[in-house]
Amino acid sequence: MTIKLRGGYNIRMTGRPAGRVDVPAEPELLLLPQRSRRLRFNQVLVKNGQKVRCGDVLAIDSAHFGVPLLSPRDGTIRLRVHRGHIAIESPAVAPPQVPPTETDDRSQDSRRKALVDLGAWPFLSDVHTDAVPDPAQPADAAIVAVTRLEPFAGPRGDVLLGQSFDDFLRGLDLLVTLVQETVYVAVPGVRGKLAKRLRETLSGKPRIRAVNIPLRYPMDHFSVLARALGVAPQRGRSIWGLRAEGVLAIDQALTSRQPLLERLIAIGGPGAAEPVHLRVPLGYPLDALLAGRVIGQPQRVIDGGILNGEATGPRQLGIGVETTGLTVLPEPTRRELFGFVRTGLDRISYSNCFLSVLRPRYDEPLTTAMRGEHRPCIGCGFCEEVCPAGIMPHWIHKLAYQDALEEIDRSGSHLCVACGLCSYVCPSKLDLRQEILDANEAIRRDLHAAEPDENEEVVA
Amino acid sequence: MKLLEMLFDRTRPWFEKDGRLHLLRPLAQGAEAFFFGSAEQTHAAPHARDPLDSKRFMMMVIIALTPALLASIYFFGLRVLVMMAVSYIAGGIVEVAFAIIRKKDIHEGFFVTGFLFPLVVPPTTPLWVVAVGVVFGVLVGKEVFGGTGRNLFNPVLVGRAFLAVAYPAQVASGFVIPGAWPWGRLTEYVTPGSVDALSGATPLALGRQGEFANWLDMFLGNISGSAGETSALAILLGGLFLCMTRVANYRTVAGILGAVFVFSSLLHVTDPARFGPPLWHLFAGGLFLGAFFMATDPVTSPATNTGKWVYGMLIGALVVLIRSFSGWVEGVMFAILLGNLASPLIDEIFVTMRVRRLQREG
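Residues numbered from 1 in each chain as written. Chains lettered and ligands numbered in written order. Predicted model: local features only at pLDDT ≥ 70, side-chain atom pairs only at ≥ 80, totals over all residues.

What to know about the overall build of chain B
No. 1: The helix and strand tally for chain B stands at 16 helices and 0 strands.
No. 2: For chain B, whose C-alpha radius of gyration is 22 Å, the value lies close to the compact-globule estimate of 21 Å for 362 residues.
No. 3: By the burial criterion, 53% of the 362 residues in chain B qualify as buried.
No. 4: For chain B, the share of sequence-separated contacts (at least 6 apart) that also reach a separation of at least 24 residues comes to 73%. (Helix = DSSP H or I, 4+ residues; strand = E, 2+ residues; numbered from the N terminus. Rg over C-alpha atoms; globule rule 2.2 N^0.38 Å. Buried ≥ 20, exposed ≤ 12 C-beta atoms within 10 Å, placed from the backbone. Contact = placed C-beta atoms within 7 Å.)

The structure is reproduced here in structure tokens:
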């Protein structure tokens, strides 16, 4: 099945992670961030100096259904030394304790509980809101995105599948047992051997539907896929979104009943000395991990990809539970004289304003440079063309300038998937992505909070 | 180059908030942006950005206008370069003054305005008239609306319209008979005083008397007219380049030229003696220059792609109407200004339709 998708654009950047998977040396210290993209492990259950075993619960996120932070190694706890992190000194590899088998292992409820307890839950998200799904509620449907198209937000789908194709299929079968209706699997519509094999294997399976998607960012985004598949958000319906590593996590948690204490991450970007994949325990310190793996110049290390990731810094010193990849982006070191009249053979643009359009396909070493001055919107329309949600960022920008929240709400700003392409292509260097997110936040706060809830009205 | 970079780094504090020369910050910022571009870095996602900036965007327009400028020099002599210098200096003073008053950066849009303005006036327009026109265009057409990006009308055409209304005699008498093969007027400097070259009636004016010029001369530019508008060939070269770089939207151009072709064909069929043939309409006057370089100004045209088609067709229809049925022989300037006026309305209609569709989709 092929679905209709609009917008999107591929940013061609050097430093695509190679297919190789390296296992770095065991670290001398683990630094587990208490905060990740969605989770906050604010309820710490261990004490300073306490000895912990591999797989012990260190902290839980009380706001997100008690999702646990598990200890990836044996070792001694050190709190309050590294702000916002739980440190484990002299970590040692040990076989994790296998939790006792539940009596009612067949039930969906206990399987979902196992996913939470074994650390597989952070791999799941609600396709429409990106929120952590409620483990108490069964999933109605699920969307699996095999590829990851943001450069270079995480491990390549072909690397994950190439390593553990059978585990993936087993995980998919387990996922079907957890979902009431259909599991959609988005497979890139390419001719590769692996994609062909996956499509053939999936075609016969009941309740699994393979969907071909173009290899164009952000067509792997769950809410873009959900909208194209006609899976509309509905009160009381839970639809999971997960990636290839999420399916593998389900397999590990439910087949071998092992906690998920390691991550397969990608390290890439123009600043990476050798872009590869790495298998590391949670909490692996970033400075130890990056030593020798980045080229020597000021760098920005991003947890995730260049379009959606967050710069690591003092707030994140180690691999977190939601870390899927690190992108190393150099800071600009030199400025060109008369950059705007140069041929531009070395720069790739969404527009065709540089001579690079005459060159065969190549990748560009991008930096963190803004590459231009902030200017008022000139109405070029590029943001509208790349938008995968079909909304008009320039129009919302204009309305935001007038503080017209009601009109922004009416122009479909809630459909924004925060892919970041509008900000990327804008020649006036407007931060459209952030403007739309801020407007949506203000709408939630000011407009919708004032409205009475639908159910309340019925009661009154 | 290192030295220049050091100079900017060293002097930057002078122009900062508490510096001695804070008032002149727009000038210093403009100079630095001109030489080196922004030193700014992204602070959040997306962490990298596309290389296109507004300087490059405007640069593309100037590159695309170069063939038209060269054609103008060939047919009408070197005076156009002097007019351009006057246009840049007079308009530049207004632009810089407003940047300093507003404490904002100097915007690159002016480089296009200053380049385009001398091309839309007759080749021997008195220099003070050029200066008055460009100052009026920048001031009333752009700055009073809040500067580049906020203007409703194309500043070049506002200035040109002002001249047409306020100084009709100076503008109408400035036309020049084009230079002849092979050297044209490449080495000449035609002044308002050189009588032999003057008073070449434009094809549109001759058309009123039922005299339709040869379309090949019109295509090459071997006709009388405003300095940069006569050579359809040169404008086409630059205009196609501009559409290919996506700086000009082809929808607007196709809408205008298509509508002019269709409407003028219809009129020509009804009365060939009175209404010019479609090709004559296409190559006459400022239609090509207006369609490729002025109607496509993204700020003053509709933002939606469907809106651009409608906007283009509206302008095309107006051009034929004004040329055929009004007291003015040329209608492109007023047609585009009217199109500018309609473009917020056109946007409103198509955005509303788009929003309804989005709401249906969920």
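Focus: the overall build of chain A
No. 1: Helix and strand counts for chain A come out as 13 helices and 18 strands.
No. 2: The C-alpha radius of gyration computed for chain A amounts to 23 Å, which stays within 12% of the reference 23 Å derived for 460 residues, consistent with globular compactness.
No. 3: Seen through its C-alpha atoms, chain A measures out along the principal axes to roughly 65 × 65 × 50 Å.
No. 4: The contacts of chain A with a sequence gap of at least 6 include a subset with a gap of at least 24, amounting to 71%.

Some points on the environment of L115 of chain A
Residues and elements named next belong to chain A.
No. 1: Structurally, L115 is set in helix α1 (residues 108–117).
No. 2: Assessed through the 24 C-beta atoms surrounding it within 10 Å, L115 is described here as buried.
No. 3: On a C-alpha basis, the gap between L115 and L260 in space is 9.5 Å, while along the polypeptide they are 145 residues apart.
No. 4: Sequence-distant contacts of L115, that is, excluding residues within four places in its chain, are made with A120, W121, I250 and A253.

Regarding the nonpolar core
Side chains that are nonpolar tend, in soluble globular proteins, to be buried together.
No. 1: Ranked by internal contacts, the top residues of the largest apolar core, which has 126 residues, are A142, I143, V144 and A186 of chain A.
No. 2: For this core, the element with the highest residue contribution is helix α6 (residues 244–255) of chain A, accounting for 7 residues.
No. 3: Ignoring any residue separated from it by four or fewer positions in sequence, one finds A142 of chain A in contact with L175, V179, V183, I239, W240 and L242 of chain A.
No. 4: By size, the runner-up hydrophobic cluster in this structure holds 91 residues, among which are M58, F75, F175 and F288 of chain B. (Core = buried A, V, L, I, M, F, W, Y, C linked by C-beta atoms within 7 Å.)

Remarks on the sheet that holds strand β7 (residues 74–78) of chain A
Residues and elements named next belong to chain A.
No. 1: What the 4 strands build is an open sheet, ordered β2-β8-β7-β4; its pairing is antiparallel. The open sheet terminates on both sides in strands that have one partner only, identified here as β2 (29–33) and β4 (51–52).
No. 2: In the sheet, β2 pairs with strand β8 (residues 85–92) via 5 bridges, with the strands oriented antiparallel. Bridge pairing in β8 places P33 opposite H85. (Pairing = 2+ DSSP bridges.)

Description of the interface of chain A and chain B
No. 1: Of the residues lining the interface, 57 residues belong to chain A; the matching set on chain B comes to 45 residues.
No. 2: For the side of chain A that touches chain B, the element with the highest residue contribution is helix α11 (residues 421–425) of chain A, accounting for 3 residues.
No. 3: Tallied by class, the residues present in the side of chain A that touches chain B amount to 26 nonpolar, 20 polar and 11 charged. (Nonpolar A, V, L, I, M, F, W, Y, C, P; charged D, E, K, R; others polar.)

Observations concerning the environment of T304 of chain B
All names here are of chain B.
No. 1: Its location among the elements puts T304 in the loop between α14 (287–294) and α15 (305–325).
No. 2: Taking the C-alpha atoms as reference points, T304 and A31, 273 residues apart in sequence, are found 34 Å from one another.
No. 3: Ignoring anything within four residues of it in the chain, the contact list for T304 reads D347, F350, V351 and R354.

A closer look at the packing of α1 of chain A against α6 of chain A
Residue and element names in this part refer to chain A.
No. 1: It is the contact of α1 with α6, at a shortest axis distance of 9 Å, that shows an interaxial angle of 110 degrees. As judged from the angle between their axes, α1 and α6 are roughly perpendicular. Contacts between α1 and α6 involve R111, A114 and L115 from the former and I250, A253 and L254 from the latter.
No. 2: Tallied by class, residues from the contact of α1 with α6 come to 5 nonpolar, no polar and 1 charged. (Axes fitted to C-alpha atoms, helices over the stretch in contact; angles between N-to-C directions. Parallel < 35°, antiparallel > 145°, perpendicular 65-115°, else oblique.)

Side note on the sheet that holds strand β17 (residues 310–311) of chain A
Residues and elements named next belong to chain A.
No. 1: If you trace the 6 strands from one edge of the open sheet to the other, you get β1-β15-β14-β18-β16-β17, paired in mixed fashion. For this open sheet the edge positions go to β1 (21–22) and β17, each flanked by a neighbour on one side alone.
No. 2: As defined by bridge partners, strand β14 (residues 262–268) adjoins strand β18 (residues 325–330) across 3 bridges and the pair is classed as parallel. Within β18, the position partnered with G268 by the bridge is T327.

Details of α6 of chain A
All names here are of chain A.
No. 1: Here α6 spans 16 Å end to end across 12 residues, near enough to the 16 Å set by a 1.5 Å rise per residue.
No. 2: With 11 of 12 residues buried, α6 is to be regarded as a mostly interior element.
No. 3: Of all the positions in α6, only A244, E245, G246, V247, L248, A249, I250, D251, Q252, A253 and L254 are classed as buried.
No. 4: Positive phi shows up at R257, right after α6, with a value of about 55 degrees. (Expected span 1.5 Å × (residues − 1).)

Side note on helix α2 (residues 25–35) of chain B
Residue and element names in this part refer to chain B.
No. 1: Those residues of α2 not exposed but buried are R25, P26, E32 and A33. Mapping the buried residues of α2 onto a view down its axis gives an arc of 130 degrees, with all of them on the same face.
No. 2: Looking at the buried side of α2, the elements it contacts are α1 (2–15), α3 (54–76) and α4 (79–102).
No. 3: A positive backbone phi angle near 80 degrees is found at G37, which sits one or two residues after α2. (Arc of directions from axis to C-beta.)

Observations regarding the confidence of the model for chain A
No. 1: This prediction gives chain A a mean pLDDT of 90; 95% of its residues lie at or above 70.
No. 2: pLDDT under 50 marks residues 454–460 of chain A. Its contacts with residues more than four places away, or in other chains, come to 1 contact. (pLDDT = per-residue confidence, 0-100.)

Regarding the packing of α3 of chain B against helix α11 (residues 232–244) of chain B
A pair of packed helices is captured by two measures, namely the crossing angle of their axes and the spacing between those axes.
Residues and elements named next belong to chain B.
No. 1: Relative orientation of the contacting elements α3 and α11 amounts to 170 degrees, with a least axis distance of 7 Å. Taken together, α3 and α11 sit at an angle that is classed as roughly antiparallel. Note on element contacts: α11 touches α3 through A234, I235, L237, G238, G239, F241 and L242, opposite M60, V61, A64, L65, T66, P67, A68, L70 and A71.
No. 2: Of the residues belonging to the contact of α3 with α11, the class tally is 13 nonpolar, 3 polar and no charged.

Description of unusual backbone geometry
No. 1: In this chain, A45 of chain B is followed by P46 of chain B through a cis amide linkage whose omega measures -5 degrees.
No. 2: As for its placement among the helices and strands, P46 of chain B is situated in the loop between α2 and α3.
No. 3: For the bond running from W181 of chain B to P182 of chain B, omega is 5 degrees, close enough to zero to count as cis.
No. 4: Mapped onto the elements of the fold, P182 of chain B is located in the loop between α8 (168–172) and α9 (203–208).
No. 5: For D130 of chain A, which is not glycine, the phi torsion reads 70 degrees and is therefore positive.
No. 6: Tracing the sequence through the fold places D130 of chain A in the loop between β9 (125–126) and β10 (141–145).

Quick look at the environment of T42 of chain B
No. 1: Mapping T42 of chain B onto the fold places it in the loop between α2 and α3.
No. 2: A tally of 22 C-beta atoms within 10 Å means that T42 of chain B is categorised as buried.
No. 3: With residues up to four places along the chain from it excluded, the contact list for T42 of chain B reads T368 and M370 of chain A together with H47, A48 and R49 of chain B.

Thoughts on the pairing of β10 of chain A
All names here are of chain A.
No. 1: The buried count for β10 comes to 5 of 5 residues, which makes it a mostly enclosed element.
No. 2: Burial along β10 is two-sided: A141, I143 and A145 facing one way and A142 and V144 facing the other are all buried.
No. 3: Two elements, β10 and strand β13 (residues 239–243), share 5 bridges in a ladder whose sense is parallel. Note that in β13 the partner of A141 across the bridge is I239.

Observations regarding the confidence of the model for chain B
No. 1: A residue-level look at chain B finds 98% of positions with pLDDT of 70 or above and a mean pLDDT of 90.
No. 2: Taken together, the chains of this predicted complex give a pTM of 0.91 and an interface ipTM of 0.89.

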